[in-house]
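Geometric and topological summary
Here's the letter readout for the chains.
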Amino acid sequence: MRCGLKLRLRAKTQVCVEQSLIFRNNTPYPTETVTDSSGQTRLFCVQLNDSKLNYFQQPQEVTESNFPVLLEQYGGPSFVSPSQPMPPPSAFYRVGDPIQTYFVASSVVSTLRQPVGMGASRLCVDSNPAGFLESKSTSCTRTFTNLSSSCTTDPALDAASYYRDFTVLKTPLNMTVTQSMQVKVTPLVQPEAPQMQGSTCHNIVSEVIYNIEFNGTHGIRNVSVQFKVTNISEAWGSSLQQHFTLHFWSRTPSPTLPRSGNPGYITGAPLLALQKGVPRHVTVLKGQGDGICSQSLKHTVLFGMNVRTSCKLSISQGMEDGNCSYLQDQLYQALQEVSSPQGLAITGNADPAQPGDWTDILTKNCSMQAGVCASCCVVPVSLEIQVLWAKVGLLSNPQAQVLGARYSYQCRSLQSFNVSVVPLTTLVTFIDLTEWPEHPRGQPTPYWKLPFDFFFPFKVALSRGVACHGGLPGALVVSLAVWSIVSF
């Protein structure tokens, strides 16, 4: 303080300390080293209170009166491009466009989210938008500082937060949201809310699967969601691995399909069917990892390969009590994919415009009157597809062709209409009816003519059976012939 007082009397804008306390000087302010009045202590002083020297300046206030002067002094051309007008919103979703959602209670438009993992620890980032027609799966890790509190308060753990209180917009928002633009997100099976029991949190979401049905430029038609839940204990740690999947599909088949043969079918190629005048692949039910029938993923039937699939179909919660016909329609649609095909392609390159390239399908439905009780509901639980085929054409290059097919349903009676899942089975069998022609008759045995016996004249000439009067001349002639040949 004594040093500071002396310096303050000498230079009020300085603060000083003993130089021995300063190891390095990195201040941008002006400094100097001085000696006190006794000449023994060296002081390190920093100059203060100079706004120009300590890089602090009070910005000048711009007013209406001084603006022209400042404009003339500092004004100049600008290199900032003018803001471009926002393009009008598209009438339909394009590939990669964020899928818009609408919260009815707050009238807020947002986007459907698909969380992703970021960083080395793959922590969940919930702000990632889901892109239209981008079917993909992501995974991330959620951490909890207090599982007891997060179990019931964290919306990412509650299945309801992934479908409740919002709808999906069929097409991008143009002006205002109307009721016809909104598509409700339907859960296939609604899980219970998370709850804490002891040190374990029950019914927390571990996987979310969105199945989004679209119809070209007409937008999104239907959105369903299914969940997988798990339990986590505080003793197991404070993190959870979550998976998120988006799958886009359409009921409208593609107008063109690759050939399954030319002309005959190739073993292992998709079996072709005609549905509403458009060719498509024959598919059957396909189960997921939990055994539930997938609404969007189907198993493609391959020519010549028998297949059997089984899964459990989740019945919609909106089914009314005692509505047997509704349950029957749901099961028939699940087994035959909404509408039964009109016919199967006879060859692998069948033309949809040629009726002769397609064969009819015989369908055997269940008898809805059959049952063991009046209150029972007879529902289809199994579909067997039999495909008759044969090889035709040349023996050197036979071609596989379909001769006919039969769809046969098996049913059983249900005592109660209120069921949540029904086990279904599909069976596809290929029956070969090829009739091979008889083998051709054996070829005639070739007759090989043996060469002339060279020693036959000698045998005749030397035979004792020859008469005496003719034996000597004949032997002489033969001897001369042999001698002439040997000498030659």
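Everything numeric here is computed off the predicted structure, so don't read it as measured data. (Residues numbered from 1 in each chain as written. Predicted model: local features only at pLDDT ≥ 70, side-chain atom pairs only at ≥ 80, totals over all residues. Heavy atoms only, no water.)

**Comments concerning the side chain of glutamine 399**
Summarising the element assignment, glutamine 399 is placed in strand β23 (residues 399-414). With a relative accessible area of 17%, glutamine 399 lands in the buried category. Of note is the side chain of glutamine 399, whose polar atom sits 3.0 Å from the backbone nitrogen of glycine 264. (Helix = DSSP H or I, 4+ residues; strand = E, 2+ residues; numbered from the N terminus. Buried < 20%, exposed > 50% of the residue type's maximum accessible area, 1.4 Å probe, protein only. Polar contact = N/O pair within 3.5 Å; in protein donor to acceptor, adjacent residues only side chain to side chain.)

**Structural notes on helix α4 (residues 324-336)**
The first and last C-alpha atoms of α4 sit 18 Å apart over 13 residues, in line with the 18 Å expected at 1.5 Å per residue. In the core, the buried residues of α4 are packed alongside β19 (307-314), β22 (377-392), β23 and β24 (421-432). (Expected span 1.5 Å × (residues − 1). Contact = heavy atoms within 4.5 Å.)

**Regarding the sheet that holds β22**
Taking strand neighbours across the sheet as the criterion, the eight strands line up as β16-β15-β20-β21-β23-β22-β24-β19 in an open arrangement whose pairing is mixed. Two strands in the sheet have a free side with no partner beyond their single neighbour: β16 (278-281) and β19. When strand polarity is set aside, the average angle formed by the axes of neighbouring strands in this sheet is 25 degrees. Relative to strand β20 (residues 343-345), strand β15 (residues 272-275) is paired through two bridges, and the arrangement is antiparallel. Note that in β20 the partner of alanine 273 across the bridge is leucine 344. (Pairing = 2+ DSSP bridges. Axes fitted to C-alpha atoms, helices over the stretch in contact; angles between N-to-C directions.)

**Examining the sheet that holds strand β2 (residues 31-35)**
What the three strands build is an open sheet, ordered β1-β3-β2; its pairing is antiparallel. Unpaired on one side and paired on the other, β1 (14-18) and β2 mark the two borders of the sheet. Averaged over all pairs of adjacent strands, the angle between strand axes in this sheet comes to 30 degrees, irrespective of strand direction. The pairing of β1 with strand β3 (residues 42-47) spans five bridges and is antiparallel. In the strand pairing of β3, glutamine 14 is matched with glutamine 47.

**A look at the environment of arginine 113**
Mapped onto the secondary structure, arginine 113 falls in the loop between β5 (108-111) and β6 (116-118). For the pair formed by arginine 113 and aspartate 126, sequence separation is 13 residues and the distance between their alpha carbons is 6.6 Å. With sequence-adjacent residues up to four places away left out, arginine 113 is seen in contact with Asp126, Ser127, Asn128, Pro129 and Ala130. Of note is the side chain of arginine 113, whose polar atom sits 3.2 Å from the side chain of threonine 111. Of note is the side chain of arginine 113, whose polar atom sits 2.9 Å from the backbone oxygen of serine 127.

**Observations regarding the state of the cysteines**
Summed over the entire model, instances satisfying the criterion amount to three disulfides. Put simply, cysteine 293 and cysteine 311 are joined by a disulfide, and their sulfur atoms are 1.9 Å apart. Note on the cysteine 293 and cysteine 311 pair: the S-S dihedral is about 95 degrees, so by sign convention the disulfide is right-handed. Taken together, the positions of cysteine 293 in the loop between β17 (283-284) and β18 (299-300) and cysteine 311 in strand β19 put the pair 18 residues apart, joining distant regions of the chain. On the basis of relative accessibility, which here comes to 5%, the residue cysteine 293 falls in the buried class. (Disulfide = S-S within 2.5 Å.)

**Regarding the nonpolar core**
With 44 residues, the main nonpolar core has Tyr265, Leu271, Phe303, Leu331, Leu344, Leu424 and Phe430 as its most contacted residues. If you list the elements that add at least two residues to this core, you get β15, β19, α4, β20, β21 (358-364), β22, β23 and β24. Per element, the largest residue contribution to this core is seven residues, and it comes from β22. Each residue touching tyrosine 265, except ones within four places of it in the same chain, is listed here: Ser260, Pro270, Leu271, Leu272, Phe303, Ala345, Ile346, Thr347, Gly348, Ala400 and Val402. Judged by nonpolar contacts, the second largest core, of 30 residues, contains Tyr102, Cys140, Val183 and Val205. (Core = buried A, V, L, I, M, F, W, Y, C linked by side-chain atoms within 4.5 Å.)

**Details of the packing of aromatic side chains**
On inspection of all chains with the given rule, the structure shows eleven aromatic pairs. Geometrically, the ring pair formed by phenylalanine 103 and phenylalanine 166 is tilted, given 5.6 Å between the ring centres and 45 degrees between the ring planes. In this pair, phenylalanine 103 is assigned in strand β4 (residues 100-103) and phenylalanine 166 in the loop between α3 (147-153) and β9 (167-169), connecting sequence segments 63 residues apart. Considering the side-chain rings of tyrosine 265 and phenylalanine 303, the 4.6 Å spacing of their centres and the 10 degrees angle between planes classify their relative orientation as stacked. Placement of tyrosine 265 in the loop between β14 (239-249) and β15 and of phenylalanine 303 in the loop between β18 and β19 is noted, with a sequence separation of 38 residues between them. For the pair tyrosine 265 and phenylalanine 303, a shared accessibility class is recorded, and that class is buried. (Phe/Tyr/Trp six-rings, centres within 6.5 Å; stacked < 30°, edge-to-face > 60°.)

**Remarks on the confidence of the model for the chain**
Residue-level pLDDT values for the chain average 79, and 75% of them are 70 or greater. Across the chain, the secondary-structure element scoring lowest on mean pLDDT is helix α1 (residues 2-10), at 38, and the one scoring highest is β9, at 93. Note on residues 1-11: pLDDT under 50 across the span, and ten contacts to partners over four residues away in sequence or across chains. Confidence drops under pLDDT 50 across residues 317-321; counting only partners more than four residues distant or on other chains, this segment forms six contacts. (pLDDT = per-residue confidence, 0-100.)

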